[in-house]
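A look at the structure
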Amino acid sequence: MPRWGMTIDLDRCSGCQACVVACKQENNVPFATAEDLDAGRGIYWMQVLARVEGEWPHVRMETMPMPCLHCDDPPCTKVCPVDATHKDSEGLVQQSSARCIGTRYCAQNCPYTVRFFNWKKPEFPGAFANYRSPEVAIRPKGVMEKCTLCAHRVKDAQDRAHREGRRALRDGEVTPACAEVCPGRAITFGDLDDPGARVSELARSPRAFRFLEELGTAPKVFHLRETRHGDG
């Protein structure tokens, strides 16, 4: 049984936000108006966080892509009164829109603030309506949503392997939308329990760290530290 996870190499990330755009289109993440954003009601399954250090002319900016971290011990699942969110047998933290009653407890208990509430009916204005994906259900008003690490792509690959008589996927056979479009190839996805998988090798790197690891949530998304000049 795989345990899906991801690594994000901060040395390779340029902050271009291609991953954010690809995630929105792949997963039918609704658009937000300027008023929504002012009210803090934008929805982002993938975000690129930025930190600026120093003063002009010696300024340095660091960027950190941040999807749902799919914790091995997820705080969000422990507070849902209707079991709308849970960790499945392959380690992905799932969200069921059909079960969700919109208490927002999961968002309050997520230390990474990567869960979002649909405050209104999802909108896809103008030509964007033509690019909605038929692979992912559009979530209704009044429910929570979050990154799934493109679980539908995992399922499609597993179904294909089953038809071909294979019991396991090959390393690299599944690529989430964010990883597929990344020009710097900063994002790697795969089975963390396969010692030969690229994602597993990267997660064991001395550069690897887990965001807010001291909380004990054990995220399955690892970031790889930047190597500053002179660090080797």
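Everything numeric here is computed off the predicted structure, so don't read it as measured data. (Residues numbered from 1 in each chain as written. Predicted model: local features only at pLDDT ≥ 70, side-chain atom pairs only at ≥ 80, totals over all residues. Heavy atoms only, no water.)

Things to note about the sheet that holds strand β8 (residues 187–191)
Strand order in the open sheet formed by 4 strands is β8-β1-β10-β9, and the pairing between neighbours is mixed. At either end of the open sheet lies a strand with only one pairing partner, and these are β8 and β9 (208–209). Bridging between β9 and strand β10 (residues 221–224) involves 2 bridges; their strand directions are antiparallel. Looking at the pairing, Phe209 lines up with His223 of β10. (Pairing = 2+ DSSP bridges. Helix = DSSP H or I, 4+ residues; strand = E, 2+ residues; numbered from the N terminus.)

Describing the side chain of Thr217
Assignment of secondary structure puts Thr217 in the loop between β9 and β10. The exposure class of Thr217 is buried, given its relative accessible area of 4%. Leave out the neighbours within four places in its chain, and Thr217 touches Cys71, Asp72, Asp73, Pro75 and Tyr112. (Buried < 20%, exposed > 50% of the residue type's maximum accessible area, 1.4 Å probe, protein only. Contact = heavy atoms within 4.5 Å.)

Looking at the nonpolar core
Counting residues in hydrophobic clusters, the biggest one holds 36 residues, and the most contacted among them are Met6, Cys19, Met46, Ile187 and Phe189. Taken together, the elements giving at least two residues each to this core come down to β1 (4–9), α1 (18–26), β3 (58–66), α4 (151–163), α5 (177–181) and β8. Contacts of Met46, omitting those with residues within four sequence positions, involve Cys19, Val20, Cys23, Pro65, Met66, Pro67, Cys178 and Ile187. (Core = buried A, V, L, I, M, F, W, Y, C linked by side-chain atoms within 4.5 Å.)

Some details on the state of the cysteines
Taken as a whole, this structure holds 0 disulfides when the rule is applied. Residue Cys68 stays outside any disulfide, its sulfur separated by 5.5 Å from that of Cys147, the closest cysteine. Judged by relative accessible area, Cys68 falls into the buried class, the value being 7%. Cysteine Cys71 remains unbridged, with the sulfur of Cys68 as its closest cysteine sulfur at 6.6 Å. (Disulfide = S-S within 2.5 Å.)

Things to note about unusual backbone geometry
Trp56 connects to Pro57 through a cis peptide bond whose omega is 10 degrees. Its place among the elements puts Pro57 in the loop between β2 (47–55) and β3. The residue Asp83 is not glycine, and still its phi comes out positive at about 60 degrees. Under the relative-accessibility criterion, Asp83 is labelled partly exposed at 46%. Notably, Arg104 is not glycine yet its phi reads approximately 70 degrees, a positive angle. Locating Arg104 in the fold gives a position in the loop between β5 (93–95) and α3 (105–109). Residue class for Arg104 comes out partly exposed when judged on its relative accessible area of 35%.

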